[in-house]
Amino acid sequence: MNEQELKQKIADGYILESPAEMTPGYRKALITQLTVQGDTELISAPAYWMAAQDAPSTNTQVSAVAIIQDELAHANIAYRILEDLGLSREHLVYERAPADFKHPYGFDQPLESWVELVVANGFFDRAGFTLLGDVFENTSYGPLKRALVKVDLEENFHLRHGENWMKRLVKLGGEVREKLQRAVDWMFPMTIEWFGLPDDLKRHSDQLEYRLKGLTNDQLRQKWMSATVPLCESLGLKVPAHWDDTQKVYVLDYPFPCRYDAQAKHWLFNEGQISWDEVFKRWKARGPMNEFYVESVRRSHGPMKKMLEVAA
Ligand SMILES: [Fe+2]
Ligand SMILES: [Fe+2]
């Protein structure tokens with residue numbers, strides 16, 4: 001079957017069940033999607049772990065660790081399906097350069113407090129839920145669709161954890177409230193950028209044509225904002241976006257895309273709009289925690305491997 005025939009078959013509702021049915025184009029698009037998915041899940045674990053050190057109590061730290069455990073299982077699901085496609089999990093997790101990982105730039109940032117953890121749960125896990133929920137509903141690859149049942153339920157739990165904590169913390173007022181606002185200030189535009197190129201600049205998408213997803217970047221961004229903007233407004237937290245009743249869409253109140261000062265955790269709105277080429281350059285150079293996070297998930301690999309060899 002050639003690419004065009006497969007695309008037609010998929011458009012008619014066909015679900016693929018094995019790599020044997022794939023064309024090279026389909027396989028490549030699925031590998032790209034799953035690599036981003038697996039890497040995002042994997043790297044969210046050390047990012048959340050860093051923030052969990054600041055948990056207010058033992059039981060709250062345990063709830064953060066439960067989320068981290070879920071994320072590692074989600075990563076394993078994506079890498080496991082990549083193995084079916086002929087890739088090596090060993091290579092993907094342990095042998096790539098940290099800069100070659102494909103998770104979003106947002107997960108290259110330090111999460112330094114419980115406040116930042118819960119906003120990350122509210123915003124980043126909501127983004128994961130939005131993206132994976134769309135894949136779950138629309139994907140033409142059967143094994144992935146079935147695997148995402150579990151992931152979808154758990155991501156929903158993660159984002160509720162974030163939103164519920166945001167509601168609790170905001171009531172404390174004062175310094176905690178200010179800290180929450182500062183977290184929102186850097187994480188809101190970070191998540192907006194995560195959804196990628198606007199539709200008018202993205203001319204075609206293999207993932208849409210092979211129905212590996214159903215919604216465009218702008219549609220996904222709108223969907224995320226339709227949950228996040230009302231949440232923040234109801235909590236009295238300022239976000240740089242609003243609902244436009246004439247256009248019936250959420251509109252950003254800042255130049256997009258724009259520069260980010262990673263050390264200061266601050267978006268440089270006043271320097272105006274920049275090109276997507278500049279954004280891609282920043283993404284490619286990765287953010288401040290990239291190497292630390294990647295190394296921290298594989299630190300024990302060498303010694304552990306030796307121990308197992310000796311035991312055998
Ligand atoms: Fe996850
Ligand atoms: Fe999650």
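In what follows, the accompanying structure is described. (Residues numbered from 1 in each chain as written. Chains lettered and ligands numbered in written order. Predicted model: local features only at pLDDT ≥ 70, side-chain atom pairs only at ≥ 80, totals over all residues. Heavy atoms only, no water.)

Considerations on the overall build of the protein chain
Inference 1: On a plain count of helices and strands, the protein chain comes out with 12 helices and four strands.
Inference 2: At 20 Å, the protein chain has a C-alpha radius of gyration in line with the 20 Å of a compact globule built from 312 residues.
Inference 3: Over its C-alpha atoms, taken along the principal directions, the protein chain stretches across nearly 60 × 60 × 35 Å.
Inference 4: Here the protein chain holds 312 residues, and 51% of them are scored as buried. (Helix = DSSP H or I, 4+ residues; strand = E, 2+ residues; numbered from the N terminus. Rg over C-alpha atoms; globule rule 2.2 N^0.38 Å. Buried < 20%, exposed > 50% of the residue type's maximum accessible area, 1.4 Å probe, protein only.)

With respect to the environment of Y250
Inference 1: Considering the arrangement of structural elements, one finds Y250 in strand β2 (residues 249-252).
Inference 2: Through-space distance from the C-alpha of Y250 to that of V229 is 8.6 Å; in sequence the pair is 21 residues apart.
Inference 3: Once residues lying within four places of it in the same chain are set aside, the contact partners of Y250 are Q222, M225, S226, V229, P230, H242 and W243. (Contact = heavy atoms within 4.5 Å.)

A short note on the coordination of the iron ion (ligand 1)
Inference 1: Only E41 (OE), E71 (OE), H74 (ND1) and E155 (OE) from the protein coordinate the iron ion (ligand 1), and they sit 1.8 to 2.2 Å from it.
Inference 2: Note that the iron ion (ligand 1) binds four donor atoms; their angles at the metal cover 87 to 140°, and the shape is irregular.
Inference 3: Separating the iron ion (ligand 1) from the iron ion (ligand 2) is a distance of 3.4 Å, and E71 supplies a donor atom to each of them. Here the residue E71 and the residue H74 both occupy positions in helix α3 (residues 58-84), the gap between them amounting to three residues, near one helical turn.
Inference 4: Overall, the relative accessible area of 1% leaves E71 in the buried class.
Inference 5: The exposure class assigned to H74 is buried, which follows from its relative accessible area of 0%. (Donors = N, O, S within 2.8 Å, 3.2 Å for Na, K, Ca; no water. Tetrahedral: all angles 85-135°; square planar, octahedral: opposite > 155°, others 65-115°.)

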